[in-house]
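The primary structure of each chain is shown beneath.
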Amino acid sequence: MPLKRRQIIELAYAMTGRRNTLVDEIRRDVERTRAEPYASIAGATPDIGDQAVADLIADLGEAEVTRDLGELRTLEAALKRVADGRYGLCADCGEDIPYPRLHAQPAAERCLACQERHEKTYRA
């Protein structure tokens, strides 16, 4: 069953809000990384333990930004599908993605059956 206009608007609004939150988080993470250079985390005369902690903190920060950028790209793609009138259609089979799935995962690009197949086929 195709999505109703109000459902599309509701989901687009939720995705826009999440996108704005992600942009703010990414901006803060990048600013924090610039404000806390590796040397200040490791200390003036770092030992192996200090270096390991500094490496871990730097890696976690990079992982957070990478994860957030991936989610941001997914949301941007979904909002483009809204603008193009293709939102709510499965990218693989072309069938309607049920509203409950989109409500739970607004940026979903596949119906549940196709998503499961995709995950089994392209398992990391």
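Residues numbered from 1 in each chain as written. Predicted model: local features only at pLDDT ≥ 70, side-chain atom pairs only at ≥ 80, totals over all residues. Heavy atoms only, no water.

### A few points about the overall build of the chain
Rule in force here: Put simply, DSSP H or I for four residues or longer makes a helix, DSSP E for two residues or longer makes a strand, and each gets a number counted from the N terminus. Pairs of residues are marked as contacts when any of their non-hydrogen atoms sit within 4.5 Å. Note on areas: Shrake-Rupley with a 1.4 Å probe; residue coverage comes only from the protein chains shown.
Across its full length, the chain carries five helices and zero strands. Going from N to C terminus, the chain has its helices and strands arranged as α-α-α-α-α. Across the chain, contacts joining residues at least 24 apart in sequence account for 57% of those joining residues at least 6 apart. Surface accessibility of the chain: about 8600 Å² in total, with carbon and sulfur atoms responsible for 56%.

### What to know about the nonpolar core
Note the following rule: Buried Ala, Val, Leu, Ile, Met, Phe, Trp, Tyr and Cys residues form a nonpolar core when they are joined through side-chain atoms within 4.5 Å. Note on classification: 1.4 Å probe, protein chains only; a residue is buried when its accessible area is under 20% of the maximum for its type, exposed when over 50%, partly exposed between these limits.
Within the largest apolar cluster, 18 residues are counted, with the highest numbers of intra-cluster contacts made by Met15, Leu75, Ala78, Tyr87, Cys90, Leu102 and Ala107. Contributing elements (two or more residues each) for this core: helix 1 (5-35) and helix 3 (48-84). Element by element, the count of residues in this core is highest for helix 1, at five residues. Aside from chain neighbours lying at most four places away, what touches alanine 78 is Met15, Tyr87, Pro106 and Ala107.

### Considerations on the environment of leucine 89
With respect to the secondary-structure elements, leucine 89 resides in the loop between helix 3 and helix 4 (99-104). Owing to a relative accessible area of 35%, leucine 89 belongs among the partly exposed residues under this scheme. Distance from leucine 89 to glutamate 109, taken between C-alpha atoms, is 7.2 Å for residues 20 residues apart in sequence.

### Some words on the confidence of the model for the chain
To be explicit about the condition: What pLDDT expresses is the predictor's confidence in each residue, scored from 0 to 100.
Residue-level pLDDT values for the chain average 87, and 78% of them are 70 or greater. Mean pLDDT per element in the chain: helix 2 (residues 38-42) is the minimum at 55, and helix 4 is the maximum at 97.

### Focus: the side chain of arginine 81
Convention followed: Residues scored as charged are limited to Lys and Arg (positive) and Asp and Glu (negative), so that His and the chain ends carry no count. The term salt bridge refers to a side-chain nitrogen of Lys or Arg lying within 4 Å of a carboxyl oxygen of Asp or Glu.
Relative to the assigned elements, arginine 81 resides in helix 3. Here arginine 81 sits buried without a salt bridge, and the closest side chain of opposite charge, glutamate 109, lies 4.5 Å off (N-O distance).

### Side note on the pattern of salt bridges
Scanning the model with the defined rule gives eight salt bridges in all. Salt-bridge contacts for glutamate 71 lead to arginine 18; the nearest nitrogen and oxygen are separated by 2.8 Å. One end of the pair, glutamate 71, is in helix 3; the other, arginine 18, is in helix 1, and 53 residues separate them in sequence. According to the relative accessible area criterion, glutamate 71 is partly exposed, its value standing at 27%. Of the charged contacts, one joins arginine 110 and aspartate 92 as a salt bridge, the two residues approaching to 3.0 Å between their closest N and O atoms. Of the two residues, arginine 110 is situated in the loop between helix 4 and helix 5 (112-121) and aspartate 92 in the loop between helix 3 and helix 4; the sequence distance between them amounts to 18 residues. For aspartate 92, a relative accessible area of 47% corresponds to the partly exposed category. Linked by salt bridges that have partners in common, Lys80, Asp84 and Arg86 make up one network.

### A look at the environment of alanine 91
Along the chain, alanine 91 turns up in the loop between helix 3 and helix 4. Of the residues examined, alanine 91 reaches a relative accessible area of 51% and is grouped as exposed. In this structure the C-alpha to C-alpha distance between alanine 91 and cysteine 114, which are 23 residues apart in sequence, comes to 8.7 Å. Apart from residues no more than four positions distant in its own chain, alanine 91 is found in contact with Glu109 and Arg110.

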